[in-house]
Amino acid sequence: MEILKVVIADDEVRICQLIQALVDWDSLGMKVVGVAHNGEEACETVQNCQPDILITDIRMPGIDGLALIRRIQEKDPGIKIIIVSGYSDFAYAKQAIEMGVKAFLLKPIDREELLAAVKKIKRELDGELEEYRRSLENDRIVRNQLFRELLSPGVSPEAVSKRLADQGVK
């Protein structure tokens, strides 16, 4: 099982510490690999650590959470994002949802809500990994079948070329 990497970004040091303490990351197969306290630092941390999950405040000095999310998604649209905010502003939540954010949690952070959001993302990432593995296995099976067909006696070079072209091989 692959360890999922988590980055936490919030300008309040105690909120970062709280998020780290509220979840038993090891039991979920996760590890907090970076913590940042402003938008620029968060962007750099995400780039350096390449996490699977980012938990970020929506309002931080430098780059706010929404601008941070835009930047990160341009580089790696696969990162799953949870926003934590002290603001229940519907406009923020709406923008976050439109950007594909997986959860919008209000401060004070509720342990159960955070845990539910993290577990939901883990299930999603596990499903994506399983789907990718199945796809690789299917590709392997198709390749093996193709090679057996191509190596069988009496197959003409033209048939080989056509079969390879049908499979997208140049």
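The numbers attached to residues start from 1 for each chain and follow its sequence in the written order. Local features in this predicted model are restricted to residues whose pLDDT is 70 or higher, and side-chain atom pairs enter the listing and the counts only when it is 80 or higher, whereas totals over whole chains, interfaces and linings include all residues. The side-chain numbers reported here are obtained from all heavy atoms of the structure, hydrogens and water having been left aside.

Novice: Looking at this structure, how should I read the packing of helix H5 (residues 111-151) against helix H6 (residues 157-166)?
Specialist: Helix packing geometry: the angle between the two helix axes and the distance between the axes. In contact at an axis separation of 10 Å, H5 and H6 are set at 165 degrees when each is read in the N-to-C sense. If you check the angle between H5 and H6, you find them roughly antiparallel. Like other packed secondary-structure pairs, H5 and H6 cross with a definite hand, here right-handed. Of H6, the residues touching H5 (which contributes Leu146, Glu149 and Leu150) are Val160, Arg163 and Leu164. Angles here are taken between N-to-C directions and fall from 0 to 180 degrees, while the axes themselves are lines fitted to C-alpha atoms, restricted in helices to the stretch in contact. Runs of H or I in DSSP of at least four residues are treated as helices and runs of E of at least two as strands, each being numbered from the N terminus. Any angle that is under 35 degrees is reported as roughly parallel, and any over 145 degrees as roughly antiparallel; angles of 65 to 115 degrees are reported as roughly perpendicular and all others as oblique. Crossings are assigned a handedness: left-handed for a near helix turned anticlockwise from the far helix by less than a right angle, right-handed for a clockwise turn. In what follows, a contact means two residues having at least one pair of non-hydrogen atoms within 4.5 Å.

Novice: It is not clear to me how the sheet that holds strand E1 (residues 4-9) should be interpreted in this structure. Could you clarify?
Specialist: Whether parallel or antiparallel, the strands of a sheet pair through hydrogen bonds between backbone atoms. By this definition, two strands are paired if DSSP reports at least two bridges between them. The strand order E2-E1-E3-E4-E5 describes an open sheet built from five strands, whose pairing is parallel. The open sheet has two edge strands with one neighbour each: strand E2 (30-36) and strand E5 (103-106). The average angle at which neighbouring strand axes cross in this sheet is 20 degrees, direction not considered. Pairing geometry for strand E3 (residues 53-57) and strand E4 (residues 80-85), over five bridges, is parallel. Opposite Ile53, over in E4, you have Lys80 as the bridge partner.

Novice: Honestly, the nonpolar core in this entry has me stumped. Any pointers?
Specialist: Nonpolar side chains in soluble globular proteins tend to end up buried together. To form a nonpolar core, buried Ala, Val, Leu, Ile, Met, Phe, Trp, Tyr and Cys residues must be joined to one another through side-chain atoms within 4.5 Å. For every residue, the accessible area (1.4 Å probe, protein chains only) is compared with the maximum for its type, and the residue is labelled buried under 20%, exposed over 50%, or partly exposed between those bounds. Core analysis: the largest hydrophobic core is formed by 25 residues, its most contacted members being Val6, Ile19, Trp25, Met30, Ile55, Ile82 and Leu114. Elements supplying a minimum of two residues to this core: E1, helix H1 (13-22), E2, E3, E4, E5 and H5. When residues in this core are grouped by element, the largest group, six residues, is from H5. In contact with Ile55, other than residues within four places in its own chain, are Val6, Val7, Ile8, Ala9, Ile19, Trp25, Ile82, Val84 and Leu114. Ranked by size, the runner-up nonpolar core spans 21 residues in total, among them Ala42, Cys43, Ile81 and Ile83.

Novice: Help me understand H1 in this model?
Specialist: Taken together, the buried positions of H1 are Ile15, Cys16, Ile19 and Leu22. One side of H1 holds all its buried residues, which, seen down the axis, span an arc of 135 degrees. H1 presents Arg14 and Ala21 as exposed residues on the side facing more than 90 degrees away from its buried surface. Residues of H1 that are buried in the fold lie against E1, E2, E3, E4 and H5. The arc in question is the one traced by the directions running from the helix axis out to the C-beta atoms.

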